[in-house]
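# Summary of the model geometry
Listed below are the residues making up each chain.
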Amino acid sequence: ELPFYVSIDEFEDLLTGGPTNDRWTALTRAFLRNFRSFFLTKAGGVGPDSRTTEGLACRLAVEPAGDPVAGGHPGAFNATVTNSGSARWLAWGGLGGVAIGVHLYDASGAIVNFDFHSEPPCSPAREIVPGETLHTRVTLPPLPAGRYLVEFDCVAAGVTWFAQQGSRAVRLTLDVP
């Protein structure tokens, strides 16, 4: 009989260890007889990874790749990214997977699209160990003509942007003819 509904008086009785507590304990034991949850762990563990904020840090350098900007396409950027933290970065594609992400701002600095673009720091996507440095090209989607600010940062999917953990994002001006 789950869930275990009680009145306010029965709730107070439960908290003080009265007869309601005995009913709840009996129902809980009956439930646990038929429910098992266990975890297998290997001795030594594997250390922190990008599914939590513990140990997440990066060093990021980004510059235009020199490709011409034409037809609403901003071209590409060369990026060098280093896992400067103590956590392994999981491959992009699931919870905690790390990518180079881009925030898009207008020329005045107002946010246009916080999750404008993201792509893995290597292809094919794979885990990145602490201390590893990668060189990659980031190609942004087409934009309408105008002046923008693009901010590059690393992101652990569903966890955090690295700048929120103290890493430095890279902000560049982008002119699209």
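In this convention, every chain numbers its residues from 1, walking through the sequence in written order. Per-residue local features are limited, in this predicted model, to residues with pLDDT of at least 70; the limit for side-chain atom pairs, both in listing and counting, is 80 or more; totals at the level of whole chains, interfaces and linings are taken over all residues. Computation of side-chain values covers all heavy atoms of the structure but excludes hydrogens and water.

A tally of helices and strands in the protein yields two helices and eight strands. For the purposes of this entry, the term helix denotes a DSSP run of H or I that reaches at least four residues, the term strand denotes a run of E that reaches at least two, and both are numbered from the N terminus. Starting at the N terminus and ending at the C terminus, the protein contains elements arranged as α-α-β-β-β-β-β-β-β-β. We compute the radius of gyration over the C-alpha atoms and compare it with the globule rule, which gives 2.2 Å times the number of residues raised to the power 0.38. Relative to the compact-globule value of 16 Å for 177 residues, the protein shows a C-alpha radius of gyration of 25 Å, a clear excess of over 25%. In terms of overall dimensions, the protein has C-alpha extents of about 75 × 40 × 25 Å along its principal axes. Partly exposed describes any residue whose relative accessible area lies between the buried limit of under 20% and the exposed limit of over 50%, with all areas from a 1.4 Å probe on protein chains only and scaled to the type maximum. Here the protein holds 177 residues, and the buried ones make up 37% of them. By definition in these notes, contact holds between two residues if any of their heavy atoms fall within 4.5 Å. Taking the intrachain contacts of the protein between residues at least 6 apart in sequence as the baseline, contacts between residues at least 24 apart amount to 64%.

Moving on to the packing of aromatic side chains. The pairing test for Phe, Tyr and Trp rings, Trp by its six-membered ring, is centres within 6.5 Å, and the orientation test on the planes gives stacked under 30 degrees, edge-to-face over 60, and tilted for anything in between. If you walk through the whole model with that rule in mind, you get three aromatic pairs. Measuring from ring centre to ring centre gives 5.4 Å for Trp-89 and Phe-162, while their planes differ by 90 degrees; the resulting arrangement is edge-to-face. Here the residue Trp-89 occupies a position in the loop between strand E2 (76-83) and strand E3 (98-106), and Phe-162 occupies one in the loop between strand E7 (160-161) and strand E8 (170-176), the gap between them amounting to 73 residues. Grouping residues by exposure puts Trp-89 and Phe-162 together as buried. When the centroid spacing of 5.4 Å and the interplanar angle of 75 degrees are considered together, the rings of Phe-114 and Trp-161 count as edge-to-face. With Phe-114 in strand E4 (residues 111-119) and Trp-161 in strand E7, this pair connects stretches of sequence that are 47 residues apart. Under the relative-accessibility criterion, Phe-114 is labelled partly exposed at 38%. Trp-161 sits in the buried class, given a relative accessible area of 10%. By definition here, charges over rings are those cases where NZ of Lys or CZ of Arg is within 6 Å of the ring centre and within 35 degrees of the ring normal. Positioned above the aromatic ring of Tyr-105 is the side chain of Arg-171, whose terminal nitrogen or guanidinium carbon lies 4.1 Å from the ring centre.

We count a salt bridge whenever a side-chain nitrogen from Lys or Arg sits within 4 Å of a carboxyl oxygen from Asp or Glu. Counted under the stated rule, the structure contains seven salt bridges. We note a salt bridge from Arg-23 to Glu-10, for which the minimum N-O separation is 3.6 Å. Residue Arg-23 is found in helix H2 (residues 19-33), and its partner Glu-10 is found in helix H1 (residues 8-15); the two are separated by 13 residues along the sequence. Between Arg-51 and Asp-49 there is a salt bridge; the shortest N-O distance is 2.4 Å. When its relative accessible area of 7% is taken as the criterion, Asp-49 is described as buried. Three or more residues are tied together by salt bridges with common partners; here these are Asp-49, Arg-51, Arg-88 and Glu-127.

Within the element layout of this structure, Val-159 appears in the loop between strand E6 (146-156) and E7. Along the primary structure Val-159 and Arg-51 are separated by 108 residues, whereas in three dimensions their C-alpha atoms are 6.4 Å apart. Beyond its immediate chain neighbours, meaning those up to four positions away, Val-159 contacts Ser-50, Arg-51, Thr-52, Thr-53, Leu-95 and Gly-96.

Contact geometry of H1 with H2 gives a least axis separation of 6 Å together with a crossing angle of 80 degrees. Classified by the angle between their axes, H1 and H2 sit roughly perpendicular to one another. Facing H1, whose interface residues are Glu-10, Asp-13 and Leu-14, H2 presents Pro-19, Thr-20, Asn-21, Arg-23 and Trp-24. Partitioned by chemical class, the residues of the contact of H1 with H2 number three nonpolar, two polar and three charged. Only the contacting stretch of a helix is used when fitting its axis, a line to C-alpha atoms as for every element, and angles between N-to-C directions run 0 to 180 degrees. Oblique is the label for every angle not falling under 35 degrees (roughly parallel), over 145 degrees (roughly antiparallel), or within 65 to 115 degrees (roughly perpendicular). For this classification, the nonpolar set comprises Ala, Val, Leu, Ile, Met, Phe, Trp, Tyr, Cys and Pro, the charged set comprises Asp, Glu, Lys and Arg, and every other residue, Gly included, is treated as polar.

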